[in-house]
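In case you want the letters, here they are:
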Amino acid sequence: MISICILGSGNVAQQLVSAFEKADNIQLVQVFSRKQNAISTLSKSVSIIQDYNQLEPVDLIIIVVSDDAIVNVSEQIPFQNKLVVHTSGSVSMESLSDANRKGVFYPLQTLSKTKEINFMEVPLCIEAETNSDLKLLHQVASAISNNVYEIDSNQRKSLHIAAVFVNNFANHLFQIGKEICIKQGVSFEILKPLIFETANKINTLSPKDAQTGPAKRNDTTTINKHLDFLSNPNHKEIYKILTKSIIDNGKL
Ligand SMILES: NC(=O)c1ccc[n+]([C@@H]2O[C@H](COP(=O)([O-])OP(=O)(O)OC[C@H]3O[C@@H](n4cnc5c(N)ncnc54)[C@H](OP(=O)(O)O)[C@@H]3O)[C@@H](O)[C@H]2O)c1
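On a predicted model such as this, the values are computed, not experimentally measured, just so you know. For every chain, the first residue of the written sequence is number 1, and numbering continues from 1 onward in sequence order. This being a predicted model, a pLDDT of at least 70 is required before a residue's local features are given, and a value of 80 or more before pairs of side-chain atoms are given or counted; all residues contribute to the totals for chains, interfaces and linings. Heavy atoms from the whole structure form the basis of all side-chain values; hydrogens and water molecules are not counted.

So, on to unusual backbone geometry. Here the phi dihedral of Asn25 falls at roughly 65°; this positive angle occurs in a residue that is not glycine. Each helix is a run of H or I in the DSSP string that is no shorter than four residues. Each strand is a run of E no shorter than two, and both are numbered from the N terminus. Following the sequence through the fold, Asn25 ends up in the loop between helix H1 (11-22) and strand S2 (26-32). Assessed through its relative accessible area of 54%, Asn25 is described here as exposed. One non-glycine residue, Asn81, lies in positive phi territory at about 65°. Considering the arrangement of structural elements, one finds Asn81 in the loop between helix H3 (70-76) and strand S5 (83-86). In this scheme, a residue with accessible area under 20% of its type's maximum is buried, one over 50% is exposed, and one in between is partly exposed, where area comes from a 1.4 Å probe on protein chains only.

Structural data, given as structure tokens:
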């Protein structure tokens with residue numbers, strides 16, 4: 001049995017609590033939560049603490065708090081030489097307190113406490129300072145996910161930026177598409193099969209090969225008509241930048 005404490009009770013912490021509770025060979029001992037009710041509704045069995053001095057000396061402590069609080073929380077842990085990891089895509093492993101052994105346990109997925117997810121499908125990116133700690137993180141990660149990757153801090157930084165493009169930016173484009181539809185009295189529903197097919201296509205084609213549309217065809221007549229139609233200056237700018245990027249990409 002590998003014993004674990006989770007520090008935090010937000011989106012990722014709650015998904016991890018659910019995942020660890022279903023896992024064999026993992027004992028979730030405690031969750032540190034500033035809000036008593038945040039976890040108690042989720043788990044009846046886990047002990048909830050609100051004081052770092054109540055932490056038990058478990059095998060692994062996972063800090064799952066907002067990025068700007070990670071360093072401070074790592075400094076509150078009242079132990080020496082324990083394995084302490086965080087779950088952030090953008091915070092370096094080195095920034096954790098020197099008092100303990102350091103690592104990273106980054107789930108590369110958009111996680112919300114209100115949206116159930118099959119954690120076995122979530123890619124987990126792990127990093128540690130020593131092979132033995134990496135081995136332990138591998139065991140823990142494999143207990144809750146079928147997709148475990150050893151990723152160093154530089155690779156994780158790149159992955160986080162790539163994730164912003166494919167998730168946050170793509171989702172913002174869905175939002176713009178929805179606004180354009182609604183303005184003309186068309187339901188956003190009609191675009192959903194196109195969105196799903198766009199995502200599905202990359203299972204069989206590279207994103208470059210899957211690209212279609214006026215920019216890919218370098219169809220300046222249609223591109224100019226679209227630019228004339230768009231009244232929102234941000235939408236116009238985004239359309240221009242993405243069109244240029246697709247045209248330039250076609251020349252490579
Ligand atoms: N959500 C995602 O999709 C996702 C995906 C991958 C990685 N991550 C990473 O996972 C970590 C947690 O993200 P999240 O989405 O779960 O955030 P979140 O839902 O906003 O939750 C943040 C948690 O941090 C706690 N917290 C904030 N400041 C604190 C402090 N000074 N001391 C103690 N606790 C503090 C909050 O406590 P209160 O509730 O009491 O304020 C809350 O429990 C971040 O490093 C994030 O980058 C997130």
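Read on for the rest.
In short, DSSP must find at least two bridges between two strands for them to pair. The strand order across the open sheet built from eight strands is S3-S2-S1-S4-S5-S6-S7-S8, with neighbouring strands paired in mixed fashion. The sheet is open, and its two edges are formed by strand S3 (47-49) and strand S8 (147-150), each paired on a single side. In this sheet, adjacent strand axes meet at a mean angle of 25° when their direction is disregarded. All axes here are fitted lines through C-alpha atoms, helices being fitted over the stretch that makes contact, and every angle between N-to-C directions spans 0 to 180 degrees.

Position of Leu227 relative to the elements: it lies in helix H9 (residues 220-229). When its relative accessible area of 14% is taken as the criterion, Leu227 is described as buried. The spatial distance from the C-alpha of Leu227 to the C-alpha of Tyr239 is 7.6 Å, given a sequence separation of twelve residues. Here a residue-residue contact requires only that any non-hydrogen atoms of the pair lie within 4.5 Å. Setting aside chain neighbours within four positions, we find Leu227 in contact with Lys236, Tyr239 and Lys240.

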